[in-house]
Amino acid sequence: GSNTSLIQPGFSLLHFGSHVFYLGQKGWPKRSCPTGVFLLELKNNDLKLRPTTFTNDSCYLPPLRHPAVCSFSASQGGEITQYLIHGGKTPNNEISHKLYIMTMVFTVNKRFSLCCTEKDLAGDVPEARYGHSMNVVFSRGKTAVVMFGGRSYMPLNQRTTENWNNVIDCEPLVYLIDLQFGCSTSFNLRELQDGLSFHVSLARNDTVYIFGGHSLGNNFRPPNVYKIKVDLPLGSPAVSCTVINSKLSFSSSIVTQTSPDEFVIVGGYESDNQKRLICNGVFLDDETIDIQEIETPDWTGEIKHSKTWFGADMGKGAVLFGIPVDNKHQSTDCSFFFYVLNFGDSDPALQTCSQGSTEEQEDSMPLEDSEEFTFNRDGNIFD
């Protein structure tokens, strides 16, 4: 596809209806495309990234990798109206502490723009981090955001020249954020003893389920499922945790939702050098969780033999995967092969993720990638 050289590990996808947007490009955006967010168009097995317009009152959103991203609906099970984006790494390896809210805005002529605003937090404000998770819960007619996990740099008073870029697990605190007032409250739960990053999280009603993940402190991928239940009465909120034994042990997996109560976990790693090639279906109801291994996709030889892979949820049961191009297939146009894995009812190849003006850009020059930045290898790009 066109401009796919901008797609790098740690990217995120935001899906508003049939429109899918890409966040997390390599390097800082050029002045000709200052947003760092692109419209992703997938049509006839051709993948294209196109510039996206923002409203005049939008704040700047840097190209973040490995942020926590979650969708927000005005009502339970309703259409996605906003996305919340917190943390992540910038192209110069700084870790963000900011919370952004992304909304799609339609004009009278049915064209659309994105509006990005920064949300200030007060109280127990989460430190800068990446590789963590956010979910929206509903309780007693109210909503709250649950944030957990992640990694951050070693505190300044412990950093030396030799370990300046070393990262550590964030404390295993659960943060409850009231979006209306921007108030954040932390909870220290005895069931959560170790820091955890690059895990999978699912939310249903007032409950968040945490699967897998990697603890950097002891190089461990716990096989437990953590069930975090939130109660939002008129007074102080309450948060509790139950540990559910499971045989799943993985990190950096992707989760996609196929129905209101059904999810699929795919991809990731069983160990530092072993990809996870099986898929699991997760079925939730009010009290129970059922995890089953489902039919394995017919992985291509390139996927089976690649050492690394990465991707993100496209929505509606579809996942976008990337694997590095090997030396036999080196191309100046891209560094990765991309695949779409579809567990849903609709064919993502038929999605028209475009607006009227995109046809006029069909023959436009490719977007220039910005200056390449050097990353110190800290072992956590894929874990």
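Computed from a prediction, not measured in an experiment: that's the story for all the values here.

Focus on the overall build of the protein chain
1) Next: In terms of helices and strands, the protein chain carries 1 helix and 28 strands.
2) Next: Expressed as a percentage of its 383 residues, the buried residues of the protein chain come to 51%.
3) Next: Contacts spanning at least 24 positions in sequence make up 56% of the contacts within the protein chain whose residues lie at least 6 apart.
4) Next: Carbon and sulfur atoms make up 48% of the accessible area of the protein chain, which totals about 18,300 Å².

Considerations on the pairing of strand S25 (residues 289-294)
1) Next: Bridge analysis of strand S24 (residues 279-284) against S25 gives 6 bridges, and the strand direction is antiparallel. Looking across to S25, one finds that valine 282 is bridged to isoleucine 291.
2) Next: With antiparallel pairing between neighbouring strands as the criterion, S24 and S25 make up a hairpin whose turn holds 4 residues.

Let's talk about the packing of aromatic side chains
1) Next: In this structure the tally under the stated criterion is 13 aromatic pairs.
2) Next: Centroid distance tyrosine 22 to phenylalanine 38: 6.5 Å. Interplanar angle 45°. Geometry classified as tilted. With a gap of 16 residues between them, tyrosine 22 in strand S2 (residues 19-23) and phenylalanine 38 in strand S3 (residues 37-43) connect regions that are remote in the sequence.
3) Next: Given the relative accessible area of 1%, tyrosine 22 is considered buried.
4) Next: Residue classification places phenylalanine 38 among the buried positions, given a relative accessible area of 1%.
5) Next: Note on tryptophan 309 and phenylalanine 321: the rings are 5.0 Å apart at their centroids and 15° apart in plane angle, and the pair reads as stacked. Residue tryptophan 309 is found in the loop between helix H1 (301-305) and strand S26 (310-315), and its partner phenylalanine 321 is found in strand S27 (residues 318-324); the two are separated by 12 residues along the sequence.

A closer look at the nonpolar core
1) Next: The biggest cluster of nonpolar side chains holds 18 residues, and the ones touching the most others in it are Val174, Leu176, Leu192, Ile228 and Val239.
2) Next: Breaking this core down by element, the ones donating at least two residues are strand S11 (142-148), strand S14 (174-178), strand S17 (207-211), strand S18 (224-231) and strand S19 (238-245).
3) Next: Filtering out sequence-adjacent residues up to four positions away, leucine 192 remains in contact with Phe148, Pro172, Val174, Tyr226, Ile228 and Cys241.

With respect to the side chain of lysine 227
1) Next: Within the secondary structure, lysine 227 is located in strand S18.
2) Next: Here lysine 227 occupies a buried position and makes no salt bridge, while the nearest side chain of opposite charge, glutamate 287, is found at 4.2 Å.
3) Next: Of the polar contacts made by the side chain of lysine 227, one reaches the backbone oxygen of glutamate 287; its length is 3.4 Å.
4) Next: Every residue in contact with lysine 227, bar those within four places of it in the chain, is listed here: Thr207, Val208, Tyr209, Ser240, Cys241, Thr242, Ile244 and Glu287.

Some points on the sheet that holds strand S10 (residues 133-139)
Strand pairs in the sheet, formed through backbone hydrogen bonds, run parallel or antiparallel to each other.
1) Next: Taken together, 5 strands build an open sheet; the order of strands is S9-S15-S14-S11-S10 and the sheet is mixed. Only two strands of the sheet have a single neighbouring strand rather than two, namely strand S9 (122-123) and S10.
2) Next: Of the pairings in the sheet, the one linking S10 to S11 comprises 7 bridges and is antiparallel in character. Across the sheet, residue valine 136 finds its bridge partner in S11, namely valine 145.

Here we look at the state of the cysteines
1) Next: Evaluated as defined, the whole model comprises 0 disulfides.
2) Next: With no disulfide of its own, cysteine 116 lies closest to cysteine 59 among cysteine sulfurs, the gap being 3.8 Å.
3) Next: Looking at cysteine 116, the relative accessible area reads 1%, which means it is buried.

Here's the deal with the pattern of salt bridges
Side-chain pairs of opposite charge can arise where the charged atoms are in close proximity.
1) Next: The tally for this structure, following the rule as stated, stands at 11 salt bridges.
2) Next: The residue glutamate 118 makes a salt bridge to lysine 98 at a minimum N-O spacing of 3.9 Å. Here glutamate 118 is found in strand S8 (residues 112-119), whereas its partner lysine 98 is found in the loop between strand S6 (80-86) and strand S7 (99-106), with 20 residues between them in sequence.
3) Next: Owing to a relative accessible area of 38%, glutamate 118 belongs among the partly exposed residues under this scheme.
4) Next: You can call lysine 98 partly exposed: its relative accessible area is 31%.
5) Next: Put simply, arginine 140 and aspartate 231 hold a salt bridge, and the shortest N to O gap is 2.6 Å. Of this pair, arginine 140 sits in the loop between S10 and S11 while aspartate 231 sits in strand S18, placing them 91 residues apart in sequence.

What counts and how
Residues numbered from 1 in each chain as written. Predicted model: local features only at pLDDT ≥ 70, side-chain atom pairs only at ≥ 80, totals over all residues. Heavy atoms only, no water. Helix = DSSP H or I, 4+ residues; strand = E, 2+ residues; numbered from the N terminus. Buried < 20%, exposed > 50% of the residue type's maximum accessible area, 1.4 Å probe, protein only. Contact = heavy atoms within 4.5 Å. Areas by Shrake-Rupley, 256 points an atom, 1.4 Å probe, with all protein chains shown as cover. Pairing = 2+ DSSP bridges. Phe/Tyr/Trp six-rings, centres within 6.5 Å; stacked < 30°, edge-to-face > 60°. Core = buried A, V, L, I, M, F, W, Y, C linked by side-chain atoms within 4.5 Å. Lys, Arg positive; Asp, Glu negative; His and termini not counted. Salt bridge = Lys/Arg side-chain N within 4 Å of Asp/Glu carboxyl O. Polar contact = N/O pair within 3.5 Å; in protein donor to acceptor, adjacent residues only side chain to side chain. Disulfide = S-S within 2.5 Å.

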